[in-house]
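Architecture at a glance
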Amino acid sequence: MPRGKRRSTAEMGPSEDDRHSSKRQRNTYQSSQSSRRYSKVDDAFSQKRCIAWFREYTTPDDPDTLGPEGMEKFCEDVGVEPENVAMLVLAYKMGAKNMGFFTQSEWLKGLTDLQCDTAGKVQCKLDYLRNLLNESNTFKVIYRYAYDFARDKDQRSMDIETAKAMLQLLLGKHWPLYAQFAQFLEQSKYKVINKDQWCNILEFSRTISNDLNNYDVDGAWPVMLDEFVEWLRLVRTQATIS
């Protein structure tokens, strides 16, 4: 009997190799889709994970408060020094009441706002936190917040050493007269800074020119700033004479 015509590959359907290849492609696609879904789940903020992370920095005796030792470890994990200005802005975002401490409710408030539940996510937010200080009104709010945050809660005023550290952190790089003002404080009689003085130091740094020509001695500036201007003018006069 004559042989019948051989059917073409298309007529015969996919070969065994083709079927295996197609199956592999489907599996690879499904695996890729599944990985994407899991990745999205992992990236999503989790309050449960955020609290579990918080507990890594607390002690069994006080599980709802992150203290100085936990703060040091937290800073190591996110890669910043405790004195870094980003930590001050983070504390502000949390509404933290006491320097060196975060309560669980403060932690959740700030990190929920930032959508951070891991050290890596906080690291990705550090530049954002620093850049908040570039906005004039936000800087002013954080500057005012820093006074109540950093001062000893048993005292109405901030001790001078803490004040100098906070002024260095907030104004040191932005106020051309900061170095002279710090020098003035070193030799002055002042042991504390009250809130009115604190707020006026910022206003002075923003409005008074470096040559002091627009400073009005009859204005409503605190006596501290009158004395600073007098001291600085004397220092400059002596430097010119010598």
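Because the structure is a prediction, the values reported are computed rather than measured. Residue positions within a chain follow its written sequence, with the count starting from 1. A pLDDT threshold of at least 70 governs which residues receive local features in this predicted model, and a stricter bar of 80 or more applies before side-chain atom pairs are shown or counted, although totals over entire chains, interfaces and linings include all residues. Where side-chain values are given, they derive from all heavy atoms of the structure, hydrogens and water being excluded.

Comments concerning the packing of aromatic side chains
The criterion for an aromatic pair is that two Phe, Tyr or Trp rings (for Trp, the six-membered ring) have centres within 6.5 Å, with stacked assigned to planes under 30 degrees apart, edge-to-face to planes over 60 apart and tilted to the rest. Within the structure shown, the criterion is met by 25 aromatic pairs. Seen in terms of ring centroids, Tyr-147 and Trp-198 are 5.9 Å apart; in terms of plane orientation they differ by 50 degrees. Their pairing is tilted. With a gap of 51 residues between them, Tyr-147 in helix 8 (residues 136-150) and Trp-198 in helix 11 (residues 195-207) connect regions that are remote in the sequence. You'll find Tyr-147 and Trp-198 in the same group, each marked buried. Taking 6.4 Å as the distance between ring centres and 65 degrees as the angle between the ring planes, the aromatic pair formed by Trp-175 and Phe-228 counts as edge-to-face. A run of H or I in DSSP counts as a helix once it spans at least four residues, and a run of E counts as a strand once it spans at least two, with each numbered from the N terminus. Buried, partly exposed and exposed residues are distinguished by accessible area as a fraction of the type maximum, computed with a 1.4 Å probe on protein chains only: under 20%, between the cut-offs, and over 50%, respectively.

Remarks on the confidence of the model for the chain
The share of residues in the chain with pLDDT of 70 or more is 83%, and the mean pLDDT across the chain is 88. Contacts for the low-pLDDT stretch residues 1-12, under 50 throughout, to residues beyond four places or in other chains number one contact. Note that pLDDT drops below 50 for residues 34-41; the model gives that stretch one contact with residues more than four away or on any other chain. How sure the predictor is of each residue is captured by pLDDT, a score from 0 to 100. Only heavy atoms matter for contacts: two residues are in contact if any of them lie within 4.5 Å across the pair.

Let's talk about a negative patch on the surface
Two distance rules govern patches: like charges are joined within 9 Å, and nonpolar side chains (Val, Leu, Ile, Met, Phe, Trp, Tyr) within 5 Å, applied only to residues with over 30% relative accessible area and no salt bridge. Using the Shrake-Rupley algorithm and a 1.4 Å probe, accessible areas are obtained, with residue cover drawn only from the displayed protein chains. Just to be clear on terms, a salt bridge is a Lys or Arg side-chain nitrogen sitting within 4 Å of an Asp or Glu carboxyl oxygen. Positive charge is attributed to Lys and Arg, negative charge to Asp and Glu, and no charge count is given to His or to the chain ends. By convention, the charge on Lys lies at NZ, on Arg at CZ, on Asp at CG and on Glu at CD. Taken together, the side chains of Glu-69, Glu-72, Glu-76, Glu-81 and Glu-83 present a region of like negative charge at the surface. Along the chain, Glu-72 falls in helix 4 (residues 68-78).

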